[in-house]
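For reference, the chains in residue letters:
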Amino acid sequence: MYDSNGLCRSNVSVINQEEANVREGIRSSLAIDAILVPQGAEFATVQRACRSRLPVFAVPAGAALAEYLPTLPLGSWQRVLVMGLCGSLDDRYGIGDIVLYRATISISGQCLECDRELLTGLAGVFPDKDPVLALTSPQVVFRSAAKQQYRQRFGAMVVDMEGQTAQSILAERGIAVGTIRVVSDDSHQDLPDLSDAFDDRGQLQPWSLAQALAIDPVAGFRLVRGSLQALRVLDRVARQLNS
């Protein structure tokens with residue numbers, strides 16, 4: 001018997017089974033114990049998409065992450081996935097693009113490789129995404145000129161505030177770390193100055209955020225629009241990883 005495409009149904013069944021086996025192999029290679037996501041809208045998006053299939057933990061931004069991570073049940077973890085949004089430092093990566101981390105680099109120049117097996121598993125789910133080098137910044141990089149300088153200085157393609165901090169602390173405890181993020185702002189446009197939007201605990205302060213958006217409404221509009229677009233992609237990514 002043949003289907004509407006002229007393929008033998010038995011062959012179609014074999015192909016479907018092979019695809020299912022590939023998907024199952026990818027899930028096995030990931031074997032995630034927990035997902036870490038920056039608190040706020042990013043965390044809410046991933047938690048909703050995962051539907052309680054995996055434990056998802058909200059983490060603070062910036063330096064506060066170093067104090068927070070040891071409070072989590074790290075002793076029972078072997079593999080952790082970091083998810084969330086990031087900013088682009090390279091014109092090749094625009095809003096809504098999915099990036100897989102191959103390594104992180106700090107402002108001081110320390111470079112740490114991500115777990116290769118987890119990276120391979122992620123690449124199996126998203127085969128058209130090239131692994132990138134990601135810069136970890138202690139604060140939001142909101143000027144396009146600064147983004148260009150960081151791109152030239154470090155060779156990084158994207159930037160976030162948690163990457164290497166999480167990777168360093170977890171790796172010290174023998175925990176493998178993989179990272180997948182979605183670009184929420186491009187490399188050639190300024191964002192509002194969010195330097196004062198986070199408190200000492202790495203929590204975003206709504207009033208300070210509102211003030212920053214009001215001071216530069218055009219940049220604020222770009223930030224909100226880009227974040228909403230990236231969050232929709234992040235939701236799709238989380239659902240795909242948990243399907």
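Refer to the structure presented above.
Because the structure is a prediction, the values reported are computed rather than measured.

About the thresholds
Residues numbered from 1 in each chain as written. Predicted model: local features only at pLDDT ≥ 70, side-chain atom pairs only at ≥ 80, totals over all residues. Heavy atoms only, no water. Buried < 20%, exposed > 50% of the residue type's maximum accessible area, 1.4 Å probe, protein only. Helix = DSSP H or I, 4+ residues; strand = E, 2+ residues; numbered from the N terminus. Pairing = 2+ DSSP bridges. Contact = heavy atoms within 4.5 Å. Disulfide = S-S within 2.5 Å. Core = buried A, V, L, I, M, F, W, Y, C linked by side-chain atoms within 4.5 Å. Phe/Tyr/Trp six-rings, centres within 6.5 Å; stacked < 30°, edge-to-face > 60°. Arc of directions from axis to C-beta. Polar contact = N/O pair within 3.5 Å; in protein donor to acceptor, adjacent residues only side chain to side chain. Salt bridge = Lys/Arg side-chain N within 4 Å of Asp/Glu carboxyl O.

(A) Structural view of the pairing of strand E3 (residues 79-88). Burial within E3 is extensive, with ten of its ten residues counted as buried. Two elements, strand E1 (residues 34-38) and E3, share three bridges in a ladder whose sense is parallel. Looking across to E3, one finds that Ala34 is bridged to Val80. The pairing of E3 with strand E8 (residues 176-185) spans nine bridges and is parallel. Bridge pairing links Gly87 to Asp185 in E8. Note that E3 and strand E7 (residues 158-160) share two bridges and pair antiparallel. If you follow Gly87 over to E7, its bridge partner there is Val159.

(B) Representation of the environment of Cys114 within the structure. You can see Cys114 is positioned in the loop between strand E5 (111-113) and helix H4 (116-125). Here Cys114 is in contact with Tyr101, Arg102, Ala103, Gln167 and Val177, once residues within four sequence places are set aside.

(C) Focus on the state of the cysteines. The full count for this structure, using the stated rule, is zero disulfides. No disulfide involves Cys114; its nearest neighbouring cysteine sulfur is the one of Cys111, lying 8.8 Å away. By relative accessible area, Cys114 is classed as buried at 6%.

(D) Layout of the environment of Arg53. On the secondary structure map, Arg53 appears in the loop between helix H2 (41-50) and strand E2 (56-59). For Arg53 and Ser243, which are 190 residues apart along the polypeptide, the C-alpha to C-alpha distance reads 9.8 Å. Ignoring anything within four residues of it in the chain, the contact list for Arg53 reads Asn242 and Ser243.

(E) The arrangement of the nonpolar core in detail. If you look at the biggest cluster of nonpolar residues, it comprises 29 residues, and the most contacted ones within it are Ile35, Val46, Met83, Ile180, Val237 and Leu241. Elements supplying a minimum of two residues to this core: E1, H2, E3, strand E4 (98-106), H4, E8 and helix H8 (217-241). Ranked by residue count, the leading element in this core is H8, at seven residues. Residues within four places of Ile180 in sequence aside, it is in contact with Leu81, Val82, Met83, Gly84, Ile98, Val99, Leu100, Leu122, Phe126, Val237 and Leu241. If you look at the next biggest cluster of nonpolar residues, it comprises 19 residues, including Val99, Phe154, Ala156 and Met157.

(F) The packing of aromatic side chains, seen in detail. Considering all chains together, one arrives at two aromatic pairs under this definition. Aromatic pair Phe57 and Trp77: ring centres 5.2 Å apart, planes at 55 degrees, arrangement tilted. Here the residue Phe57 occupies a position in strand E2, and Trp77 occupies one in the loop between helix H3 (64-68) and E3, the gap between them amounting to 20 residues. Take Phe57: its relative accessible area is 21%, and that puts it in the partly exposed class. When the centroid spacing of 5.9 Å and the interplanar angle of 40 degrees are considered together, the rings of Tyr150 and Phe154 count as tilted. Of this pair, Tyr150 and Phe154 both sit in helix H5 (residues 144-154), four residues apart, roughly one helical turn.

(G) A look at H4. Leu118, Leu119, Gly121, Leu122 and Val125 are the residues of H4 that are buried. Buried positions in H4, seen along its axis, are confined to an arc of 160 degrees and lie on one side of it. Among the exposed residues of H4, those pointing more than 90 degrees away from its buried face are Arg116 and Thr120. Two to three positions downstream of the cap, the backbone nitrogen of Glu117 sits 3.3 Å from a side-chain oxygen, assigning the N-cap of H4 to Asp115.

(H) Broad picture of the side chain of Ser144. Its location among the elements puts Ser144 in helix H5. Relative accessible area serves as the criterion here: at 15%, Ser144 is assigned to the buried category. Ignoring anything within four residues of it in the chain, the contact list for Ser144 reads Ser187, His188, Gln189 and Asp190.

(I) Spatial organisation of the pattern of salt bridges. Counting across every chain of the model gives nine salt bridges. A salt bridge links Asp185 to Lys147, with the shortest nitrogen-to-oxygen separation between them at 2.3 Å. In this pair, Asp185 sits in strand E8 while Lys147 sits in helix H5, placing the two residues 38 residues apart along the sequence. Here Asp185 matches Lys147 in class, with each residue buried. Note that Arg181 and Asp160 form a salt bridge whose closest N and O atoms lie 3.2 Å from each other. Of this pair, Arg181 sits in strand E8 while Asp160 sits in strand E7, placing them 21 residues apart in sequence. For Arg181, a relative accessible area of 1% gives the class buried. The exposure class assigned to Asp160 is buried, which follows from its relative accessible area of 5%. A single salt-bridge network, built from bridges that share partners, covers Asp90, Arg92 and Arg151.

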